[in-house]
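So you can see what is in the structure, the chains are spelled out below.
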Amino acid sequence: MPADRSFYITTPIFYPSDVPHIGHGYTEVAADVLSRWHRQAGDDTWSLTGTDEHGQKMLRTATANDMGPREWADKLVQESWIPLLETLDIANDDFIRTTQPRHEQGVAAFIQKLYDTGFIEAGDYEGFYCVGCEEYKQTSELVTGTGKYDGELVCAIHSIPVELLKERNYFFRMSRFTDRLLALYEERPDFVQPDSARNEVVQFVKQGLDDLSISRSTFDWGVPVPWDTKHVVYVWFDALLNYVTAVGFDGDEATLNRRWPATHLVGKDILRFHAVIWPAMLMAAGLEVPKQVFAHGWLLVGGEKMSKSKLTGIAPNQITDVFGSDAFRYYFLRAIPFGQDGSFSWEDLAARYQAELANGFGNLASRVIAMLTRYRGGVLPAPGEASERDLGIRETVRRAAVEADLAIERMAPHEAVAAIWTIVEELNGYITLEEPWALAKDPEQAGRLDSVLATAAEGLRALAVLLSPVLPKATAKLWTALGAEPALGLLLDQRLRAAGDWGKLPAGTTVQALEPLFPRIDPEVLNA
Ligand SMILES: [Zn+2]
């Protein structure tokens, strides 16, 4: 792979009025692990997240809270969304807010361009509108209400009544793009992933696309339509454009060319916006379509989807306050095959924390550092001739590094973590078999003990590098304890694609004491 290749990843931008829950955290962590990996592999990486601040729903919640919409958004971004990123140790490069001038100017320029080239025309629209979705719904997307809304037509997602609205507004001629989109899905099977998501999108577009109403005149909280300022741009049309306005559209051609096209991580509920409407918009504007739209699954808690409209949410800091941010990051990427639905449970999280992080990785690191300290005065010895088992560890490390990188390439971070974890398992087994505590009692085995300690320390060196995108805090502590920085430099400067090369940590390196990386959790806290 060329070192100068570009990797640009985005999360959806979030509604500030939502309460951050672990579903948001999951998307953020997945994007962060992928971008940290590419960044540390030397790719020209950019990661973007942000907030979607226009639209009727924001206006209504702001009004309900006696605030102006901009003031309301400012408060929520500062109190909820920036802290979410800090809680989860997210190293995003940019945070876009759709109320920023760079975005609003880009939206106006984009829509004007489509109007000038005949892709936007005025028309009458009548339909059932869901305020929760902020969109007109097809009748197939409505159900008959129960309980409070018994017998009424309600949105299938929000379970609230829809309103029959008629308005004169502007339409994006999306129907013209049906064939081009189908050709895109055909030519680039990776464009929408996983395959289940791709199939759903293809089936939807095959039915033929309607033109899309893209302006509103019933409220004014949005980007004004430049040639008819009684209208504002429909919130989804506005929001999708953040992915290009954040990287230079309109006006900074060099940055746009450097970053665009992006890989978009989305939840399944917003797949069609990203895999159908968005590429059609880009085609109309003569811009490249995204590199990929990847739909991850739902998080299920007690069998129910974590959703913004049904507040079954668990706040991410409920998890990080007990287990730490590294454990949050590890758990969701390890336990859920990326792209599939996954269940969250406290019991599973606690069990994996104890077995995999504390007893598996953490204990391995502590033991090796402690034995180096006890048997060799904290100084890394030079290894003797490698045994069969030593060579086995080298091979495990080499293979894990290659497989993890390939897994990241195919958007399978869960497989990357699993590949890296073979090193943890093999090294723990190696130490059990080699019994360094027994070797230490026999002066004639001093050379063998040197080899075992050097092999284990070098394995930890590789683990620190390979796991740093997932466990940034724990690996930073391990890197310091290994005394690796004087010889090898900063952990974040270690090239991931070379992490499997053997023999980097030099003999003579001085190790330092290591606190437990994953301390034991008080059972009373877990049962509370
Ligand atoms: Zn709805």
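Above this text sits the structure in question.
Residues numbered from 1 in each chain as written. Predicted model: local features only at pLDDT ≥ 70, side-chain atom pairs only at ≥ 80, totals over all residues. Heavy atoms only, no water.

We now examine the overall build of the protein. Across its full length, the protein holds 20 helices and 17 strands. Its C-alpha radius of gyration of 26 Å places the protein within 12% of the 24 Å reference for a compact globule of 528 residues. Each of the three principal axes of the protein carries a C-alpha extent, and together these read 90 × 50 × 40 Å. Counting only residues that meet the buried cut, the protein has 56% of its 528 residues in that class. Considering only contacts in the protein between residues 6 or more positions apart, those separated by 24 or more positions represent 77%. On the protein, roughly 21900 Å² of surface is accessible, and the fraction owed to carbon and sulfur atoms is 50%. For the protein, the distance from the average site of its 50 positive side-chain charges to the average site of its 73 negative ones is 2 Å. (Helix = DSSP H or I, 4+ residues; strand = E, 2+ residues; numbered from the N terminus. Rg over C-alpha atoms; globule rule 2.2 N^0.38 Å. Buried < 20%, exposed > 50% of the residue type's maximum accessible area, 1.4 Å probe, protein only. Contact = heavy atoms within 4.5 Å. Areas by Shrake-Rupley, 256 points an atom, 1.4 Å probe, with all protein chains shown as cover. Lys, Arg positive; Asp, Glu negative; His and termini not counted. Charge placed at Lys NZ, Arg CZ, Asp CG, Glu CD.)

Summed over all chains, the structure comprises 34 salt bridges. The partner of Asp228 in a salt bridge is Lys230, and the shortest N-O contact between them spans 3.2 Å. Its relative accessible area of 62% is what places Lys230 among the exposed residues. (Salt bridge = Lys/Arg side-chain N within 4 Å of Asp/Glu carboxyl O.)

What follows covers helix 11 (residues 316–323). Those residues of helix 11 not exposed but buried are Pro316, Ile319, Thr320 and Phe323. Viewed end-on, helix 11 has its buried residues packed into an arc of 90°, placing them on one side of the element. Just beyond helix 11, the residue with positive phi is Gly324, at close to 90°. (Arc of directions from axis to C-beta.)

Our next topic: the sheet that holds strand 4 (residues 120–130). Picture the strands of a sheet paired through backbone hydrogen bonds; they go either parallel or antiparallel. Pairing within the open sheet is antiparallel, and its four strands lie in the order 5-4-8-10. The outermost strands of the open sheet, each flanked by one partner alone, are strand 5 (135–137) and strand 10 (212–213). When strand 8 (residues 163–172) meets strand 10, the two strands line up antiparallel, connected through two bridges. Residue Phe172 lies in a different strand from strand 10, and its bridge partner there is Leu212. (Pairing = 2+ DSSP bridges.)

Coordination of the zinc ion by the protein involves Cys130 (SG), Cys133 (SG), Cys155 (SG) and His158 (ND1), with metal-donor separations of 2.1 to 2.3 Å. In this structure, the zinc ion is surrounded by four donor atoms whose angles at the metal cover 97 to 116°, and the resulting shape is tetrahedral. One chain supplies every donor to the zinc ion, and in sequence these donors are spaced C-x2-C-x21-C-x2-H. (Donors = N, O, S within 2.8 Å, 3.2 Å for Na, K, Ca; no water. Tetrahedral: all angles 85-135°; square planar, octahedral: opposite > 155°, others 65-115°.)

We now examine the pairing of strand 13 (residues 263–267). Of all five residues in strand 13, five are buried, a share of seventy percent or more. The two faces of strand 13 match: Thr263, Leu265 and Gly267 on one face and His264 and Val266 on the other face are all buried. The pairing of strand 13 with strand 14 (residues 292–296) spans five bridges and is parallel. The residue bridging Val266 from the neighbouring strand is Ala295, located in strand 14. Once you follow strand 13 into helix 10 (residues 271–285) and on to strand 14, the crossover reads as right-handed. (Right-handed = clockwise from strand over helix to strand, strands pointing away.)

In the structure shown here, the tally under the stated rule is 28 aromatic pairs. An angle of 85° between the planes, with centres 6.3 Å apart, marks the rings of Tyr115 and Tyr170 as edge-to-face. Residue Tyr115 is located in helix 4 (residues 101–116), and its partner Tyr170 is located in strand 8; the two are separated by 55 residues in the primary sequence. With a relative accessible area of 32%, Tyr115 lands in the partly exposed category. Here the basic side chain of Lys57 rests over the ring of Tyr15, its NZ or CZ set 4.2 Å away from the ring centre. (Phe/Tyr/Trp six-rings, centres within 6.5 Å; stacked < 30°, edge-to-face > 60°. Lys NZ or Arg CZ within 6 Å of the ring centre and 35° of its normal.)

Following Phe249, the chain continues to Asp250 via a peptide bond in cis, the omega torsion being 5°. With respect to the secondary-structure elements, Asp250 resides in the loop between helix 8 (242–245) and helix 9 (253–259). The omega torsion across Trp260 and Pro261 is 5°, close enough to zero to call that bond cis. In this structure, Asp66 is a non-glycine residue whose phi angle is positive, near 60°. With respect to the secondary-structure elements, Asp66 resides in the loop between helix 2 (56–64) and helix 3 (69–87). Positive phi outside glycine occurs at Met411, with the angle close to 55°. Mapping Met411 onto the fold places it in the loop between helix 14 (388–409) and helix 15 (413–434).

Once that is clear, we can look at the sheet that holds strand 14. Strand order in the open sheet formed by six strands is 3-2-1-13-14-9, with parallel pairing between adjacent strands. Both edges of this open sheet fall to strand 3 (94–97) and strand 9 (192–193), since each of them pairs with a single strand only.

A few words now on the packing of helix 5 (residues 178–187) against helix 6 (residues 195–206). The geometry of helix 5 relative to helix 6 is characterised by a closest axis approach of 10 Å and an angle of 155° between their N-to-C directions. Between helix 5 and helix 6, the interaxial angle falls into the category roughly antiparallel. For the element pair helix 5 and helix 6, the recorded crossing hand is left-handed. Contacts between helix 5 and helix 6 pair Thr178, Leu181, Leu182, Tyr185 and Glu186 from the former with Arg198, Val201, Val202, Val205 and Lys206 from the latter. For the contact of helix 5 with helix 6, a count of residues per class yields six nonpolar, one polar and three charged. (Axes fitted to C-alpha atoms, helices over the stretch in contact; angles between N-to-C directions. Parallel < 35°, antiparallel > 145°, perpendicular 65-115°, else oblique. Left-handed = near helix turned anticlockwise from the far one by under 90°. Nonpolar A, V, L, I, M, F, W, Y, C, P; charged D, E, K, R; others polar.)

Here we take up helix 6. Taking 1.5 Å of rise per residue, 12 residues should cover 16 Å, and helix 6 covers 16 Å from first to last C-alpha, within 8% of that figure. The secondary structure elements touched by the buried residues of helix 6 are helix 5, strand 9, helix 10 and strand 14. Positive phi appears at Gly208, one or two residues downstream of helix 6, with a value of about 95°. (Expected span 1.5 Å × (residues − 1).)

It is worth spelling out the environment of Gly489 at this point. The topology assignment puts Gly489 in the loop between helix 19 (485–488) and helix 20 (523–527). As a C-alpha pair, Gly489 and Arg410 span 79 residues in sequence and 30 Å in three-dimensional space.

The next subject is the nonpolar core. Counting 97 residues, the largest nonpolar core has Leu265, Phe332, Phe361, Leu463, Leu471 and Phe518 as its most contacted members. Broken down by element, this core gets its largest block of residues, 13 residues, from helix 13 (residues 346–376). If we skip the residues at most four places from it in the chain, Leu265 touches Ile9, Thr10, Thr11, Pro12, Thr27, Ala30, Ala31, Leu34, Phe294, Phe338 and Met411. Counting residues in hydrophobic clusters, the runner-up holds 63 residues, among them Leu181, Val202, Leu212 and Ala284. (Core = buried A, V, L, I, M, F, W, Y, C linked by side-chain atoms within 4.5 Å.)

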